[in-house]
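Examination of the molecular architecture
Here is how the chains run, residue by residue.
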Amino acid sequence: MRAVDVIIKKREKGELTSDELKFFVDGFTTGEIPDYQVSAWAMAVLLNGMTPRETVALTLAMAHSGEILDLSDVVDIAVDKHSSGGVGDKTTLVVLPVVAACGLPVGKMSGRGLGFSGGTLDKIESIPGFRVNLSTDEFKQQLKDIGIVLAGQSLDLAPADGKLYALRDVTGTVQSIPLIASSIMSKKIAAGAQAILLDVKVGLGAFMETLAEARALSGLMVDIGKLAGRQVVTLLSDMNQPLGQAVGNTLEVLEAVDTLKGAGPADFREHCLHVSAHMLVLGRRAPDLIAGRRMAELAISSGTALKKFCLLVVAQDGDVSFVDDTRKFPVAQFIEVVKANQSGYLAEVNARIIGEAAVTLGAGRAKKGDPVDHAVGFIIHRKVGDFVEKNQPLFTIHANDKAKQAEARETVMSAFKWSAQPVPSLPLFYS
Ligand code: URA
């Protein structure tokens, strides 16, 4: 079999067999099939799609490209969560410690930034020293010892997805339902999750812009889960405007820590409580969502969730003094509060434009392996539906480059659409 034939078959809209997909995924994992062929193939998949059968075969090939973790000797039920990617989505940084503090151990394998959407690993690495590269033994031991792990894909788990994910980020091949579904589900299957909560984002700042696309992605992931013998629950959440206020790595960690300390933006806190409640029900720690939510609220108000977060930071060699005193985080050189240039109701705060502007500032990558600038990003002060007076603060730019700061000012200003008439606020979740 030749890689080029697999690419041509997909280019010609053919249905790849399980053997062809396994050959391609294995070749990519070992390095025999180079990045440029995988990029061409990914573009063909993006343009021509995949049947559900192909998507399942791709998922299983990627899940089996490395080890499959068995956590049954460490936890009674392995529950995991994953978001399909958004702007300002720092949910994992709050939900993991909240549910762990409620007695539900959770070991999560997260990703880096992808296109305009941020990545949990890039965010958590804002904490000096925090190590995301854990061995399988370390992962299991830490889960057993403290009930919380946040790791990257350098574990020998779904290495094919790790490589493909980095390539998709810089080749314009992120927005493909089969590639997203197989990316998420291969990681979850490899990480040994028995029950999985998927937060599928929908809107301008999500890979799925319409509810129909989000439902298709969610249905596909539920089906893959069933075939792999995993329980999958999906939520559809709004990503038209950024979640919370902070967009950018350190800024998002600060907002997550604030939320764990009982403060934080109302929409973000509410989102985290809802996701936590679902996880607690899935993990059989709460009988229903109301009880789960109460447990999550208590974990925050009692400080036990923050303690869990600190335990996580210490266990993975992060400097926990930065969590205790967040003023220690390095700040960007240029901080500018941009004020509203008119009065009116906000009709749109375009998360896609803001996410792309954050990448341009340096919060994300232009090329595979580029470093990220942890300090840069935005605080978005207002939400859709708010009435804003002229000259009130609209957003704050954190930049390390004057020219990029000026570009970001223009770009992010264009993310705001105004209305003279009242505009309803956006829902957090869709049914
Ligand atoms: N999250 C992932 O892990 N993979 C994707 O492709 C998109 C979001």
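Residues numbered from 1 in each chain as written. Predicted model: local features only at pLDDT ≥ 70, side-chain atom pairs only at ≥ 80, totals over all residues. Heavy atoms only, no water.

**Observations regarding unusual backbone geometry**
Positive phi values are uncommon outside glycine, yet Arg 284 reaches one of about 60 degrees. By the element assignment, Arg 284 lies in the loop between helix H12 (266-282) and helix H13 (289-301). (Helix = DSSP H or I, 4+ residues; strand = E, 2+ residues; numbered from the N terminus.)

**Concerning the sheet that holds strand S4 (residues 195-202)**
The four strands lie next to each other as S1-S4-S5-S13, forming an open sheet whose pairing is mixed. Strands with a single pairing partner mark the edges of an open sheet, and in this sheet they are strand S1 (79-83) and strand S13 (429-430). Lying over the sheet, helix H9 (residues 177-190) contacts S1, S4 and strand S5 (231-238), oriented at roughly 160 degrees with respect to S1. Each of S4, S5 and S13 touches helix H10 (residues 211-227); the most contacted strand, S5, lies at about 165 degrees to it. (Pairing = 2+ DSSP bridges. Contact = heavy atoms within 4.5 Å. Axes fitted to C-alpha atoms, helices over the stretch in contact; angles between N-to-C directions.)

**Here's the deal with the site of the ligand**
The ligand sits among His 82, Ser 83, Ser 84, Leu 114, Tyr 165, Arg 168, Ile 180, Ser 183, Ile 184 and Lys 187. At 2.9 Å, a side-chain N or O of His 82 approaches an oxygen atom of the ligand. The separation between an oxygen atom of the ligand and a polar side-chain atom of Lys 187 is 2.6 Å. At four residues, H9 tops the list of elements feeding residues into the shell around the ligand. Within the shell around the ligand, the residues separate by chemical class into four nonpolar, four polar and two charged. (Near = heavy atom within 4 Å. Polar contact = N/O pair within 3.5 Å; in protein donor to acceptor, adjacent residues only side chain to side chain. Nonpolar A, V, L, I, M, F, W, Y, C, P; charged D, E, K, R; others polar.)

**Quick notes on helix H8 (residues 159-169)**
For H8, the tally of buried residues reaches eight of 11 residues, placing the bulk of the element in the interior. Within H8, the full set of buried residues consists of Pro 159, Ala 160, Asp 161, Leu 164, Tyr 165, Leu 167, Arg 168 and Asp 169. Looking at the packing, one finds that the buried side of H8 touches helix H2 (18-30), helix H3 (35-48), helix H4 (52-63) and H9. (Buried < 20%, exposed > 50% of the residue type's maximum accessible area, 1.4 Å probe, protein only.)

**Regarding the domain arrangement of the protein**
The domain architecture assigned to the protein consists of domain 1 (3-63), domain 2 (79-324) and domain 3 (331-419). Just the C-alpha atoms count here: the centres of domain 2 and domain 3 sit 24 Å apart. For the domain 2 and domain 3 pair, buried surface summed over both sides reaches about 2200 Å², with 55% attributable to carbon and sulfur atoms. On the domain 2 side of the interface with domain 3, the three residues burying the most area are Gln 241, Gln 245 and Leu 251, jointly 24% of the side's total. Counting every contact that joins domain 2 to domain 3 gives three salt bridges. Inspection of the region where domain 2 meets domain 3 yields 14 residue pairs in polar contact (both at pLDDT 80 or more). When contributions to the side of domain 2 that touches domain 3 are tallied by element, the ones reaching two or more residues are H8, strand S6 (246-247) and helix H11 (249-260). (Domains from an automatic or database assignment. Buried area = accessible area lost by both parts, 1.4 Å probe. Salt bridge = Lys/Arg side-chain N within 4 Å of Asp/Glu carboxyl O.)

**Describing the sheet that holds strand S7 (residues 334-339)**
Taken in spatial order, the four strands of this open sheet run S6-S9-S11-S7, and their pairing is antiparallel. The outermost strands of the open sheet, each flanked by one partner alone, are S6 and S7. The pairing of strand S9 (residues 377-380) with strand S11 (residues 393-399) spans four bridges and is antiparallel. Looking across to S11, one finds that Gly 377 is bridged to His 398. Of the strands in this sheet, S7, S9 and S11 are in contact with helix H17 (residues 402-413), which crosses S11 at around 150 degrees.

**Some words on the nonpolar core**
Within the largest apolar cluster, 103 residues are counted, with the highest numbers of intra-cluster contacts made by Ile 127, Phe 309, Phe 378, Phe 395 and Phe 416. When residues of this core are assigned to domains, at least three map to each of domain 2 (79-324) and domain 3 (331-419). Apart from residues no more than four positions distant in its own chain, Ile 127 is found in contact with Val 253, Phe 309, Val 313, Gly 318, Asp 319, Val 323 and Phe 329. One finds Val 6, Leu 21, Val 38 and Val 45 within the second-largest nonpolar core, a separate group that totals 22 residues. (Core = buried A, V, L, I, M, F, W, Y, C linked by side-chain atoms within 4.5 Å.)

**Description of the environment of Glu 138**
Within the secondary structure, Glu 138 sits in helix H7 (residues 136-146). The contact partners of Glu 138, leaving out residues within four places of it in the chain, are Arg 131 and Asn 133. Polar contacts involving the side chain of Glu 138 include one to the main-chain amide nitrogen of Ser 135, which spans 2.8 Å.

**Thoughts on the packing of aromatic side chains**
The way to describe two aromatic rings as a pair is by their centre distance and the angle between their planes. For the structure on display, the rule yields five aromatic pairs. Measuring from centroid to centroid gives 5.0 Å for Phe 24 and Trp 41, while their planes differ by 35 degrees, and the two rings are tilted. Placement of the pair is Phe 24 in helix H2 and Trp 41 in helix H3, with a sequence separation of 17 residues. Take Phe 24 and Trp 41: they sit in the same class, and that class is buried. Both rings, one in Phe 395 and one in Phe 416, keep their centres 5.8 Å apart while their planes meet at 15 degrees; by these two values the pair is stacked. On the criterion of sequence distance, the pair formed by Phe 395 in strand S11 and Phe 416 in strand S12 (residues 416-419) is long-range, its members being 21 residues apart. Taken individually, Phe 395 and Phe 416 each receive the classification buried, so the pair is uniform in this respect. Residue placement shows Lys 90 over the ring face of Phe 268; its charged tip is 5.0 Å from the ring centre. The cationic tip of Lys 163 hangs over the ring face of Phe 28; the distance from NZ or CZ to the ring centre is 5.1 Å. (Phe/Tyr/Trp six-rings, centres within 6.5 Å; stacked < 30°, edge-to-face > 60°. Lys NZ or Arg CZ within 6 Å of the ring centre and 35° of its normal.)

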